Structures are given as structure tokens and as C-alpha cells.
Amino acid sequence: MKKTLLLSVLFAFQIIASKAQDVTGILGAFPPELELLKSKMQNKRDTVIAKINFSRGILNGRSIVLAQTGIGKVNAAIATTIMIEHFKPREIVFSGIAGGINPALFPGDIVIGTKVTYHDYGAIEDGGMLYRPTRNPYTMQENPMTFNCDSALIQKAISVAPKLKFSKVKRENGSFLPTITKGIIVTGDVFVSSETATQRLRKDLDAAATEMEGAAVAQTCYQQDVPFLIIRSLSDNANSKAGADMMSFYNIAAENAATLVIAVVGKK
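Residues numbered from 1 in each chain as written. Predicted model: local features only at pLDDT ≥ 70, side-chain atom pairs only at ≥ 80, totals over all residues. Heavy atoms only, no water.

Draft legend 1. Up close: the packing of helix α4 (residues 151-160) against helix α7 (residues 242-266). Packing of α4 against α7 brings their axes to within 9 Å, and their N-to-C directions diverge by 115°. Taken together, α4 and α7 sit at an angle that is classed as roughly perpendicular. Two packed elements cross with a definite hand, and for α4 against α7 that hand is right-handed. Contacts between α4 and α7 pair Leu153, Lys156, Ala157 and Val160 from the former with Leu260, Ala263 and Val264 from the latter. (Axes fitted to C-alpha atoms, helices over the stretch in contact; angles between N-to-C directions. Helix = DSSP H or I, 4+ residues; strand = E, 2+ residues; numbered from the N terminus. Parallel < 35°, antiparallel > 145°, perpendicular 65-115°, else oblique. Left-handed = near helix turned anticlockwise from the far one by under 90°. Contact = heavy atoms within 4.5 Å.)

Draft legend 2. Expanded view of the pairing of strand β3 (residues 52-59). Bridge count between strand β2 (residues 42-49) and β3: six bridges; the pairing is antiparallel. Among the inter-strand pairings, arginine 45 is bridged to a residue of β3, identified as arginine 56. The antiparallel pairing of β2 with β3 creates a hairpin that spans two residues between the two strands, and alanine 50 there sits at a positive phi of about 50°. Strand direction decides the pairing type here: β3 and strand β4 (residues 62-68), joined by six bridges, are antiparallel. In the sheet register, arginine 56 faces β4, and the bridge partner there is valine 65. (Pairing = 2+ DSSP bridges.)

Have a look at this one:
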């Protein structure tokens, strides 16, 4: 009888421990993407798990855990998985830079992800790229072609954005406040710096921006039932000038994306 009761109690504790905690997970790929976020944190304390540094603390009144994923899909998936396993966040938000695909957008502008998908997963045939869905390794069922960002988090980002003070972006024709838009973000393990590639991604996937981590975070969250949002500020237009433009706009793009993420995190 006592043994049965003890097992029941332990099982109950396991269920409680496995549930999502009242904490928001925040990820970014590069150190500059996390600098503003870290500087605004209170009661920050660091923990290294599986060679990834996780920072716990309070950001804009909200309990958070923050981590740098590193560049690329595998690094992003590893960090996301470890964050979910150890901290059980109720939601995950990715903050960072991206290359612009939508021709109406320019460096400094911000894309709130509505959907996220891979642009390099599938098959390359004589006629071009054939995009395919990934599969859940447990069920072996196909995942959706595009992963939907959480609608409540999207709405929070849309509602807080007009009230924020973003840094102006200096371009050749003057200084501008960033345009805030919703759109599809596409992910691949390549830095895109080609007009031909941007035209294909716009035509094939209706992409607004391209980067190297978002869909891996999205797939991990989707398969683990964790709501997520990807927010990206453009550092370039993913064209032949992308490398030079990224060096010019990197810091301000990272800062503006983080400004929006801070407001989203604090929104009740």
C-alpha cells in the first residue's frame, strides 16, 4: 500500500515537472542579437548545460531564460531542445537579423513572422528545387510545409510595435524609422547574397525574409507543442551587396529586433 502511494506521488510530481513553466524562452544566434536583451535583464544568473550558456532573470517584468544558439539549423535545434527539456518555457521567441526578400523592405525594417519554412529541404531536380515537408521521427507523419507562429504572440507584437521607440536607420537617401510588417520567413544553411535566389524565394515561397535558424526552432517547438514567434530585423536585402550591408546595419537591426521582443515579453 505504502509503495503504491509513493509511486503515485512520484508520478504526480513527474507530471507537474513536465508541464510548461511560467517562463518565456528567448533565443538569438549571435552575441549582438542578445546584447540589449542581456543589458535589460534583472537578477541575471547563468547556467551552462551541454556547453550552452542559459541566462535566467527578469526582463520587462517577465521571468525569462535566454540563450545564444549559434549559427545554423543544427545549432538552433540543439539549443531549442535543451531549453525546452530543462526549463519548460511556456513559449519561445527568437530575436535576430535577416536578409530581406520582399522588395518593399529595406535594411532596418522588421518582419514579424507569421509562418516559417525551410528553403533548402527537399530535392534538387533538373527543373529546380522541389520543396518537401519534414517528418516527425516519432510518428513518421509529415510535418506541415510551413510552421505557424503563435497567433497570440503575433498579435502582441503587432499591438506593441506602434508604441515603441526604435532607432532610426541611416540609408543613402536619409534616416528612417523601421517599417514593421508581418510575413513568411524562410530558413536555410546558406547566407543568401543573390538577386536570382531572392527572386526564386519570393516566387516559390512568398518569402519576406531569409535567415539560418528560424525554421529549425519552429520545427522543434511544433513537435514539442511549444508556442513560438520569430522576429527578424533586416540587415540587408540578400542581394550582391548583402555582405557589405550586413556589416553596416547589423547592430542597429539586432537592436531594433530586440526592442520589439522586450515589449512582446512584457505584454500581458
